[in-house]
Every structure is written in C-alpha cells, then in structure tokens.
Amino acid sequence: MTRRRTDGRLLLVGVLVLSLLVTLVARLFTVQVLGAEGYAAAASTNREREIVTPAVRGLVLDDRGRPLVANRSALVVSVSRTTLLDSDDEGRALIGRLATVLGEPFDDVWGRTQLCGTKGAPRAPVCFNGAPYQPVPVAEDVDPKVALQIMERREDFPGVTAELQAVRTIPEPLGVNAAHLLGYLGPVTDAELRASSQAARDGRAELQRTDQIGRAGLEKQYDDALRGTPGVQTVGVDIRGRITGTLEQSAPVAGDHLVTSIDAEVQRAAEQALAKGIAAARERQDPGGRGLLKADSGAVVVLDVRTGQVVAMASSPTYDPRVWLGGITTKQLARLSDADAGTPLVSRATQGQFPAASTFKVISLPAAVQSGYDLHGTYQCGSSYEVGDRAFHNYESEAYGAIDLHRAIVVSCDTIFYKFAYETWLRLGGQSATSDSKDPFVAMAKAFGLGAKTGVDLPDDSSGRIPDRQWKQDYWKATKALSCKRAKTGYPEVERDDPARARFLSQLAKENCASGYVFRAGDEANFSIGQGDVTVTPLQMALVYGAIANGGTLWTPHVAKAVVAPDGRVVRRVQPDVARKVPVRPEVLRFLRSALRGVVTSGTAAGAFRGFPVAVAGKTGTGEVYGKQATSWFSSYAPAKDPQYAVVAVVSQGGTGAGTSAGIVRDVYSAIYGVRGSKKVAEKAALPGGRPPAKLPTVRADGTIVTPEGPVAPTEGLPDAGTRSAR
C-alpha cells in the first residue's frame, strides 16, 4: 500500500517536471525563433539612440527681399548629460561653477538641465524638452569673453561646450513691427509629437522633441516650409544613457525662405499712419459729447486689387514681437492677453469685428437695384424715416431733400436706404417671412464674402457676422435662458451707476425673452446701413472695395508670394486665386465707382483729401455701438480710374470716418506714391511707379539676398552645418 502511494507521488512529480520542461522549451522557441527579430530590434534600441540637430529655419522676406524674420549667430553654452550622469553629485558642482561664470542663479541653470516631466524638474519652457542623451543648452547669447573663459578652463568645465548656433531674430527693417503678421515660435508638445507620426507616414518631416514650431502668423501658416529637415546622429549608449560612440550621421537641411507680398516701406507707413491717427483722435472731443475720444484699437489693410495680395497689414494695439525670442515670461504673456491692455495679441485686421456702418452701402445699393429700385431715380432724403412705429434718423439728423443715388452715396444719406430696406422687408412678408432666400440685402452681403472667412493664408481669420433670419433664431435659442432671467431680475449692478442704461437693458431682455427670434423691420433697416448686429473685419472690407475697383472679382487674399530655397531656387509660387465674381451688373459697378470718387471730391471725405494729387475713391463710415463712442471707417481704392490698391482703415471709438480714418488712409497713399504736399515725387514713392514688384527678390547661390538697401547675408558667422555638433 505504501509503495503504491509513493509511486503515485513520483508519477505526479514527473508529470509536473515534464510539463515545466515543455513550457520552458516552448518559451525558448518563442523567444529565440518566433520573436527573434522583434527582440533583436528592441535590444538594438537599447544600444542606439538618435541625436537630432535642428535645421536652420528659413527666412521670411518682404516683396523686395528685406528679411522680416531672420536668423543670427549666437554663442550657446551646452552641457553634456553624460558628464552630469558620471558625476558623484549628478553635476551640481559643475553647474554651480558654470552658473557663477554665466552670472546667473544656480537654480535657473540647474533647472534647464532637468528633463521636462521628471521629478523635481521645473515647468516648461525652463526645463529641457529634448532627449535625455542630448547636450543641454543652458545659456544663449553668451558674451564671447565668458565663452572663451569656459573653453580655456576645460578642467573646470568638462562636458561643457560654447559654439555658434543659429537663433531666430526679427530685424525690423525700416522700423517695421508686423507682430501679428509674423507670429512666433514655441516648443513642440507631446500631443503634437504623437500626431506627427502620421506626417512621417505621408513622407513629411517628423517633429522632434527639440523642435520650435510656429504658433501664430506666418511662422505657423508656413511652418512646414520654414522648418527644414533636421540632421540625425545615431550614437551608441550604455545602460545609463552615456554616449559610447557615433554610428551614423546626416547633416541638417536648412528650411526654405518665404517671400511675402508685404512691402516693408508700405508696412511701416501703415503702422505709423495708424499710430498717428489714433494719437490725434485721442486729442479730439467725441462729437457725441462723451469727452475725449478713446480710440482704443484699430487696423489698416493695404490690398492689391488685381491679385488679392496683402501689401501691408497693421493692427493696434500691438507689441514687440521680439518678446517671444528666447522664451516669454508668464507676466509678459498675461499682458498680451489682458483686456485692460487692449488684448495686444489679437490682430484687429483679421480678427477684429466692427460694425461696417456706411461703408456697407456699396453692398446695399446694388442689392436695392437688384430688388427693382431705379439706379437713376430720385429719392427723398429726409432727416428721419418711419420704420413701423419708430423713426430712424440720418447721422446728425441732416436732411438733403430729393436726391439721386449718386448724391446719396456722396453725402451718406441713411434714410433712403431705410426706405429700401423697409419696403423690401414688407414685400417679403414682414415678420412672417422665415427664409432669407429672397432677401437681396442678405444675399448681396454674402455674395461679397461677408459672414464667411476670407481664406487668407494666416491662422486667424474671423468670419464677421451677417445677422440673417437663421442667425436670429440660433442666437435667440442660445441666449433665451439668460434673457428671460434678466427680464425678471433686471440689471441691479448697472442701476447703481447708470439707471437709464439699466432700464434699456431690462426692456431689451424682455423683448429678447419673448420674441428675440423675430427678424423685425428695424433689423432690416439697420442691416442696410451696416449697423445693428452686422460686423465685418477690415480685411473683408478691403476685399469688398477691391472687387468694386477691379470690376467684380473677389480675390482670396494671400500674404505669401513664393517659397524659395536658400540657394535661390524657386520651390513654389503662390498663384492669385479668384474666390468668385460678385453678382453686380457692370453699369452698377461703374455707377458705384463714380459715386465713391464723388465722396472724396465733394462729399464726406473731401476735407481729408483736399489738394491730394492721387485720385482716391472711397467711403466714410461712422458706426454706432451702444455704450461706446463711434467706430471710424474709411474704405477706399486708388488710382480711381486705374485701381491698383485698396486701403481700409478703422479705429474703434475713433469718432467719424472723415475725422480720423480718412486721414490715416491719406498718409498711407502718400507713402505708396511719394506724395509731398500737393505733388507726387517719384523717388520718394515706397513702390516705384506705384506698382508692386513684378519679380521675386534675388537670392544668390551662396544664400546672399539682394535688397534695395544692399546685399544681406542670411546668417553671419554660422559654421558649416555638416561640422556642427548636436545641440
């Protein structure tokens, strides 16, 4: 009996041992045969790492070759992480000596050596965002004397290098700012790194952790072209991440240059004219009796009406674009986004949304004619017009009697357009109408591209607002709950300081709660003169006036002209792109052009352009905004008989269009055509002959760029890319 039990146990042990042996053999077969290739690759990754050398970023040039964004050589001090890892104190003593020589606090320099995301590392952008086996840049723009001191004392600074590297710079040619156009760079994020793997599959350059990529403006829009292809050095590393040797190396390929349609001289003129106009406005009293004009923001856009190219684009308030170079502080970033400071980060040219005011009448006139009103008829321009049970007034309640539509544009009569809008609204069914399909004012505004993004090659492009019947419905649904709440509670916080405004807001809340979805007669009347809920951007209005000037072509605006390789080879040209033809008969466009010229010769803008030697055509606008001072507009093109440029200026809380914006536009045209007093001086013209350059700027094979001021080297003193060590 005992023997049988023992034999059974031995059998059980034998079976268990055999099963373990079978399992071990199967596992060995899986590892050594089936998974050999995968494990070999994994083992290889433990022995090899790639060090990425960022490519020299391409330049951003104006239309005549002047660098708007460039590179310069700077002494950069870097520390080998291998040296730090080999030290008993993880390199603290070394960093201490280095911080003393650099004249910086130890904690700041030490923080730059810490890998982002590791325990104890400071937040980006202070920490190091690169790979753990790459040299860590700890100081940029180091004084040559300091760099020499470090390199001469190798025994005190093992693993520390000081070398020339290319860093981004903004030359500000001719004093140009262009902050909103140029944009800025920022470190790549983890999410972008993950997403860039798709780019590699598509054959494009994959983002690297050390990359700086465009975050705004042209730097962002054309980042792929400007960034170039990084160099890769494959090195062997041990288990601690120390480099044991170089296995393979490829040199970086510099990024391409972006040639823009921006002209530095015209850009400077636009910026200066805007700043001058705003400063002058702040010295004048508000015509509405609200003290001095605030003139808190504004924009200028200069557009080539024959191609849609943007020649200049200025925005106020602006900021120093160099604030982004080398990293921006939290305090500086907060100021750029601060509403009390005017949110300088926002481009008023493409993102600012303003009431179009009377500049909108160039849309309402052809809409009225399309609706059946006689282009050559006579209409009564009274001081007010009854829309339902409410009187809508002319600006400053001025009456002109019976006049034609030419005169209506010249003197900017509102009441004639109220008549057109109200009668059209009634004919379409009044409040019972639910569709905009037959509304000529809405249809014409959309045909001119309003209410939609322009498609400009910049990242931020607002669509403005065309408040049609559908918009009223959507807005009412979105705000009904708040309106009904305010209808009950009122505005006690406003009541304390402004009882009249509180009563107005309460009444408005009650109306919006009950019937805010209704497209009323007053909505149509306000729409016809660019008021009410209508908003547009300055770029949109430049396109509208450009279409009137060129015979009906609405262009897709663009800032880029071409992508050019560092050796001068043209990689790609940006061709003009027609967005659409506006549905306005040629005789109506001719009529409009005649009337717009009359605005400048004998109408609301005559005072601003008296004695001016360039034939300008345009329209003033004074937009009313509840609770604020008027928005000043002047939209124009020139020369009137052979249009080349559209120039638009707007100033928020800037008073009348004639008083502020018309003068700004005049100053811009003066620069373009070299106006001095009442004469044109050809040699003073920003653009010779008043035309944009027909050819691209010359980039020589050695990288030198030919500009009107002389040859410019893309980067001075930069060593050959193939001999540079990894950064």
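Before any of the text, the structure's been laid out above.
Attention in this report is confined to the structure presented alongside it. (Residues numbered from 1 in each chain as written. Predicted model: local features only at pLDDT ≥ 70, side-chain atom pairs only at ≥ 80, totals over all residues. Heavy atoms only, no water.)

**Focus on the pairing of strand β3 (residues 67-79)**
Along any regular strand the residues' side chains alternate between the sheet's two faces.
1) Next: Taking burial as the measure, the 13 residues of β3 include 11 buried ones, the bulk of the element.
2) Next: Across two bridges, the pairing between strand β2 (residues 60-61) and β3 is antiparallel. When the sheet's bridge partners are listed, L61 is paired in β3 with P67.
3) Next: Count of turn residues in the β2/β3 antiparallel hairpin: five residues, of which G65 carries a positive phi of about 95°.
4) Next: In this structure, β3 lies alongside strand β5 (residues 160-169), joined through 10 bridges in antiparallel fashion. The residue of β5 that forms the bridge with A74 is Q165.
5) Next: In this structure, β3 lies alongside strand β4 (residues 136-139), joined through three bridges in antiparallel fashion. Across the sheet, V77 pairs through a bridge with A139, a residue of β4. (Buried < 20%, exposed > 50% of the residue type's maximum accessible area, 1.4 Å probe, protein only. Helix = DSSP H or I, 4+ residues; strand = E, 2+ residues; numbered from the N terminus. Pairing = 2+ DSSP bridges.)

**A short note on helix α15 (residues 415-427)**
1) Next: The end-to-end C-alpha separation of α15 is 18 Å, in line with the 18 Å expected for 13 residues at 1.5 Å each.
2) Next: Of the residues making up α15, those classed as buried are T415, I416, F417, Y418, F420, A421, Y422, T424 and W425.
3) Next: Residue G429 follows α15 closely and has a positive phi angle near 115°. (Expected span 1.5 Å × (residues − 1).)

**Things to note about the sheet that holds strand β23 (residues 645-652)**
1) Next: Reading across the sheet, the five strands line up as β12-β11-β23-β22-β21 and stay open at both edges, with antiparallel pairing between neighbours. Taken across any chain shown, the strands that pair with only one partner, and hence form the sheet edges, are β12 (310-316) and β21 (617-623). Neighbouring strand axes in the sheet, compared pairwise and without regard to direction, differ in orientation by 5° on average.
2) Next: Sheet topology places strand β11 (residues 297-304) next to β12; six bridges connect them, and they run antiparallel. Directly across from G298, in β12, lies its bridge partner S316. (Axes fitted to C-alpha atoms, helices over the stretch in contact; angles between N-to-C directions.)

**Remarks on the state of the cysteines**
1) Next: Throughout the structure, instances matching the rule amount to three disulfides.
2) Next: Covalently, C116 is tied to C127 through a disulfide, its sulfur atoms 1.9 Å apart. Where C116 bonds to C127 through sulfur, the torsion about that S-S bond is close to 95°, and the disulfide is right-handed. Taken together, the positions of C116 in the loop between α5 (106-112) and β4 and C127 in the loop between α5 and β4 put the pair 11 residues apart, joining distant regions of the chain.
3) Next: Taking relative accessible area as the criterion, C127 reaches 8% and is therefore assigned buried.
4) Next: With its sulfur 2.2 Å from that of its partner, C381 forms a disulfide with C413. (Disulfide = S-S within 2.5 Å.)

**Examining helix α4 (residues 92-102)**
1) Next: Those residues of α4 that fall on the buried side of the exposure criterion are L94, I95, L98, A99, V101 and L102. Across the axial projection of α4, the buried residues extend over an arc of 160°, all falling on one side.
2) Next: Close packing links the buried residues of α4 with β3, α3 (81-86), α5, β4, α6 (144-152) and β5.
3) Next: At the exit of α4 stands G103, carrying a positive phi of roughly 75°. (Arc of directions from axis to C-beta. Contact = heavy atoms within 4.5 Å.)

These figures capture arrangement, not role.
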